[in-house]
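So the chains spell out like this:
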Amino acid sequence: MLAFLIFLAAVVVMIAICDCIVIVNARGRTVSDPAELTAGQTALLLGTSPISLRHTRNHSFYNRTAAAAQLFKEGKVTRIIASGGDYSLEGGRDEPLCMKQCLVNDGVPPDSILLDYDGTRTILSIRNAKEKYGCDSVVIVSQHYHNQRALLQADHYGLHAIGFDAAPTPAFIDKSRNWARERLARVKLIAELLID
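First, a word on scope: everything that follows refers to the structure included in this document. Note that this is a predicted model, so its numbers are computed, not measured.

Description of the environment of Gly75
Move 1: Inspection of the secondary structure puts Gly75 in the loop between α2 (59-73) and β3 (77-83).
Move 2: The spacing of Gly75 and Leu37 is 38 residues in sequence and 9.8 Å in space, taken between C-alpha atoms.

See the structure below:
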């Protein structure tokens, strides 16, 4: 029993340390007001499915695309990299295509949208922006908690980045799931960066 409690305490401490590293690194590097951004940048829109695990509307998806479209219409970005995966053969959605459709519906010209199908993980989206699309800097568009982690990944690849925080989901169950998932994702990120 004692060994289990010690193990549990170690896990909690490890999660807390990884969480703090991500939070401290992102401090002062995310914004929610377009006025705080300079004009003419590239947006990296991080993908998620338009449908939640409960088979309902995924507010995180639509809030992200709306935020990216807003940045484009206000001249803060001139192109948008819609980065995600195509899970349509697995019963899911083609994330980049769905993002493009929403962006176009919000007034973004199709030729200003790049589809990155190799963005099945956040760190791959970051890497592709730097190595595949030749970006030196980007505005990462996602929810605040996701932007915090993405900024540490951008630092790893030498990509100058600022996070633009899209509105969070209003669904409590989705917020809870995202919070729990994000804590584990941060541990995984720190482990990967240490190994790399």
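Observations regarding the packing of aromatic side chains
Move 1: Per the stated rule, a full pass over the model turns up one aromatic pair.
Move 2: Their ring planes at 80 degrees and their centres at 4.9 Å tell us that Phe61 and Tyr62 sit as a pair that is edge-to-face.
Move 3: On the basis of relative accessible area, Phe61 is assigned to the buried category, the value being 1%.
Move 4: With relative accessibility at 23%, the residue Tyr62 sits in the partly exposed group.
Move 5: It is Arg57 that lies over the ring of Tyr62; its NZ or CZ is 3.8 Å from the centre.

What to know about the pattern of salt bridges
Move 1: All told, the structure shown has nine salt bridges when counted by the stated rule.
Move 2: Where Asp116 meets Lys132, a salt bridge forms, and the shortest distance between an N and an O atom there is 3.8 Å. One end of the pair, Asp116, is in strand β4 (residues 113-116); the other, Lys132, is in the loop between α4 (122-131) and β5 (137-143), and 16 residues separate them in sequence.
Move 3: Taking relative accessible area as the criterion, Asp116 reaches 0% and is therefore assigned buried.
Move 4: Given a relative accessible area of 46%, Lys132 falls into the partly exposed group.
Move 5: One salt bridge connects Arg121 with Glu192, and the closest N-O pair in it is separated by 2.6 Å. Taken together, the residues Arg121 in the loop between β4 and α4 and Glu192 in helix α6 (residues 172-195) connect sequence positions 71 residues apart.
Move 6: What makes Arg121 partly exposed here is its relative accessible area of 34%.
Move 7: Residue classification places Glu192 among the partly exposed positions, given a relative accessible area of 24%.
Move 8: Salt bridges sharing common partners tie together Asp19, Arg149, Glu182, Arg183 and Arg186.

Points about helix α5 (residues 144-156)
Move 1: A rise of 1.5 Å per residue sets the reference length of α5, with its 13 residues, at 18 Å; its end C-alpha atoms lie 19 Å apart and thus fit the reference within 8%.
Move 2: By the burial criterion, the buried members of α5 are His146, Asn147, Gln148, Arg149, Ala150, Leu151, Leu152, Gln153 and Ala154.
Move 3: Looking one or two residues beyond α5, the residue adopting positive phi is Gly158, at roughly 70 degrees.

Observations concerning the pairing of β3
Move 1: A large share of β3 lies buried, amounting to five of its seven residues.
Move 2: In the sheet, strand β2 (residues 41-46) pairs with β3 via six bridges, with the strands oriented parallel. Note on β3: the bridge partner recorded for Leu45 is Ala82.
Move 3: As a crossover connection, the stretch from β2 through α2 into β3 is right-handed.
Move 4: Of the strand pairs in this sheet, β3 and β4 are connected by four bridges, and their pairing is parallel. Looking at the pairing, Ile80 lines up with Ile113 of β4.
Move 5: Considered for its hand, the β-α-β crossover made up of β3, helix α3 (residues 95-105) and β4 is right-handed.

Reading the values: the criteria
Residues numbered from 1 in each chain as written. Predicted model: local features only at pLDDT ≥ 70, side-chain atom pairs only at ≥ 80, totals over all residues. Heavy atoms only, no water. Helix = DSSP H or I, 4+ residues; strand = E, 2+ residues; numbered from the N terminus. Phe/Tyr/Trp six-rings, centres within 6.5 Å; stacked < 30°, edge-to-face > 60°. Buried < 20%, exposed > 50% of the residue type's maximum accessible area, 1.4 Å probe, protein only. Lys NZ or Arg CZ within 6 Å of the ring centre and 35° of its normal. Salt bridge = Lys/Arg side-chain N within 4 Å of Asp/Glu carboxyl O. Expected span 1.5 Å × (residues − 1). Pairing = 2+ DSSP bridges. Right-handed = clockwise from strand over helix to strand, strands pointing away.

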